[in-house]
Amino acid sequence: MIRYALRCEHDHTFESWFQSSSAYETQVKKNLVECPACGSTKVEKAIMAPRIVKGSVSKKGREANLPAPAPAPAAEIIPPGQPTSLMMAQERELRAKLKELRDHIVKNADDVGQQFPTEARKMHYGETEHRPIYGEASPQEARELIEEGIEVAPLPVLPEDRN
């Protein structure tokens, strides 16, 4: 999966996840990528800062003028399992965005239920016209679709959906 920062023709910025860079290109060409603020499908990649993963630096690496990691600032100790207000706000925002994504898919795609693998293959191999669909597939069926080069992604499920 790859995350892109995107911008629409009206200068709204948003982020979206894609199976691959080619999946992004395909979806943009088919006008499937839509600005959540205004609905525009004229979308392009925005400049995005790279995500740098910090790893251990060897002694030799430090000698090559790589900076040593900065010490962590002193902070209030929060008991394990006790979420901070920032974490709770971020989690609420993430859940809201996932719900918005799922609701958009459900509103704009056909629910093909357990026929999802069959319908996805028919579209991929040109037997039926491409259209947005969602449905059910076992993990094995999803793996087989991906191995065939068919782009699929799970529909977000939220904890409140399980009640």
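Residues numbered from 1 in each chain as written. Predicted model: local features only at pLDDT ≥ 70, side-chain atom pairs only at ≥ 80, totals over all residues. Heavy atoms only, no water.

Trainee: Quick one: what's the story with the nonpolar core, residue by residue and with numbers?
Mentor: Grouped together as the largest cluster of nonpolar side chains are 10 residues: Y4, L6, C8, F14, F18, Y24, V28, V33, C35 and V43. Residue assignment for this core shows that the elements contributing at least two residues are β1 (2-8), β2 (13-18) and α1 (21-29). Other than its neighbours up to four places away in sequence, F18 contacts M1, I2, Y4, L6, A23, Y24, Q27 and V33. Counting residues in hydrophobic clusters, the runner-up holds 8 residues, among them F116, I133, L145 and V152. (Core = buried A, V, L, I, M, F, W, Y, C linked by side-chain atoms within 4.5 Å. Buried < 20%, exposed > 50% of the residue type's maximum accessible area, 1.4 Å probe, protein only. Helix = DSSP H or I, 4+ residues; strand = E, 2+ residues; numbered from the N terminus. Contact = heavy atoms within 4.5 Å.)

Trainee: So, the packing of aromatic side chains: which residues are in play, and what are the values?
Mentor: Within the structure shown, the criterion is met by 3 aromatic pairs. For the ring pair Y4 and F18, a centre distance of 6.0 Å and an interplane angle of 45° mean the geometry is tilted. Of this pair, Y4 sits in strand β1 while F18 sits in strand β2, and the two are 14 residues apart along the sequence. Across the pair, exposure class does not vary: Y4 and F18 are buried alike. Ring geometry for F18 versus Y24: centroids 5.2 Å apart, planes at 80°, classification edge-to-face. Of the two residues, F18 and Y24, both sit in the buried class. An aromatic cluster is built from Y4, F18 and Y24, whose rings are joined through pairwise contacts. (Phe/Tyr/Trp six-rings, centres within 6.5 Å; stacked < 30°, edge-to-face > 60°.)

Trainee: Tell me about the pattern of salt bridges, and name the residues and values.
Mentor: Two side chains with opposite charge may pair up if their charged atoms get near one another. With the rule as written, the count across this model stands at 13 salt bridges. E93 is the salt-bridge partner of K97, the closest N and O atoms lying 3.3 Å from each other. Taken together, the residues K97 and E93, both in helix α3 (residues 85-108) and 4 residues apart, mark about one turn of the helix. A salt bridge links E119 to R131; the shortest N-O distance between them is 3.5 Å. On the criterion of sequence distance, the pair formed by E119 in helix α4 (residues 116-124) and R131 in the loop between α4 and β5 (133-135) is long-range, its members being 12 residues apart. Here E119 falls in the buried class, since its relative accessible area comes to 15%. Taking relative accessible area as the criterion, R131 reaches 32% and is therefore assigned partly exposed. (Salt bridge = Lys/Arg side-chain N within 4 Å of Asp/Glu carboxyl O.)

Trainee: Mind laying out the sheet that holds β1, listing which residues take part and the relevant values?
Mentor: Within the open sheet, the 3 strands sit side by side as β2-β1-β3. Their pairing is antiparallel. Looking along the sheet, the strands with just one partner apiece sit at the ends: β2 and β3 (43-45). When the angles between neighbouring strand axes are averaged without regard to direction, this sheet yields 40°. Seen against the sheet, α1 touches β1, β2 and β3 and runs at an angle of roughly 160° to β3. (Pairing = 2+ DSSP bridges. Axes fitted to C-alpha atoms, helices over the stretch in contact; angles between N-to-C directions.)

Trainee: An account of the pairing of β2 is needed here, citing residue identities and associated values.
Mentor: Pairing of β1 with β2 involves 6 bridges; the strand directions are antiparallel. Note on β2: the bridge partner recorded for L6 is F14. Between β1 and β2, which pair antiparallel in sequence order, lie 4 residues; one of them, D11, sits at a positive phi of approximately 70°.

Functional significance is not addressed by these values, which are geometric in nature.
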